[in-house]
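Working through the structure, step by step
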Amino acid sequence: MGRNLTDIIITVAAVRVYRVFDRDQPFTFQLGAGQVIKGWDQGLTDMCVGEKRMLTIPPELGYGDRGAGNVIPGGATLVFDVELINIGDSPPTTNVFKEIDENKDMQLSREEVSEYLKKQMVAADGGQESEDIKNMIAEHDKLVEEIFQHEDKDKNGYISHDEFSGPKHDEL
């Protein structure tokens with residue numbers, strides 16, 4: 001019996017986005033659940049654990065004509081070097097929206113997203129701010145802007161619970 005694509009959790013590493021910034025830390029997402037751009041969902045479906053692949057994603061499967069803030073221009077073809085690290089059967093149980101929404105108003109501000117990302121970067125480095133983490137934190141405003149360009153659908157400066165595409169349920 002085969003697995004449903006929405007039941008597969010993918011962990012990837014060595015990601016290069018539009019050749020603008022590198023992500024050396026692996027990240028996990030649920031394939032086919034709209035947590036990443038369509039080009040990722042399509043480009044990773046037949047990968048095996050340990051496989052490395054270069055994904056070239058046309059604009060219509062990436063960020064389209066709008067782009068992603070000042071980081072990725074509209075109409076950009078994206079190039080990613082990926083390595084599939086793990087495939088799991090169970091979705092993440094963390095309610096990421098709830099973790100980010102510190103004031104519990106059911107919307108995420110730029111400040112809340114920024115602070116959450118800083119905490120995640122430091123936690124990924126074993127709780128210490130290495131030189132690499134300090135550099136990432138200094139450059140992370142671009143990442144916050146990219147997130148808001150993608151997630152803040154009504155462009156009101158906040159990401160609502162409905163707009164948020166990451167894990168936002170205690171049980172998925």
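Just above sits the structure.
Presented here is an overview of the structure given in this document. Note that the structure is a prediction, hence the values are computed from the model and not measured. (Residues numbered from 1 in each chain as written. Predicted model: local features only at pLDDT ≥ 70, side-chain atom pairs only at ≥ 80, totals over all residues. Heavy atoms only, no water.)

Some remarks on the overall build of the chain
Helices and strands together make up the secondary structure of the chain, namely four helices and eight strands. Its helices and strands taken in sequence order, the chain reads β-β-β-β-α-β-β-α-β-α-α-β from the N to the C terminus. Looking at the chain as a whole, 38% of its 172 residues are labelled buried. Pairs at least 24 residues apart make up 57% of the contacts formed inside the chain by residues separated by at least 6 positions. Of the roughly 9,800 Å² of accessible surface on the chain, 49% is carried by carbon and sulfur atoms. (Helix = DSSP H or I, 4+ residues; strand = E, 2+ residues; numbered from the N terminus. Buried < 20%, exposed > 50% of the residue type's maximum accessible area, 1.4 Å probe, protein only. Contact = heavy atoms within 4.5 Å. Areas by Shrake-Rupley, 256 points an atom, 1.4 Å probe, with all protein chains shown as cover.)

A look at the environment of V113
Mapped onto the secondary structure, V113 falls in helix α3 (residues 110-124). Among the residues examined, V113 registers a relative accessible area of 4% and is labelled buried.

Some words on the pattern of salt bridges
Scanning the model with the defined rule gives three salt bridges in all. The partner of D46 in a salt bridge is R53, and the shortest N-O contact between them spans 2.9 Å. Looking at D46, the relative accessible area reads 54%, which means it is exposed. For R53, a relative accessible area of 21% translates into the label partly exposed. Its salt-bridge partner being E145, residue R110 comes within 3.4 Å of it at the nearest N-O pair. Highlighted residues: R110 in helix α3 and E145 in helix α4 (residues 131-151), separated in sequence by 35 residues. You can call R110 partly exposed: its relative accessible area is 32%. (Salt bridge = Lys/Arg side-chain N within 4 Å of Asp/Glu carboxyl O.)

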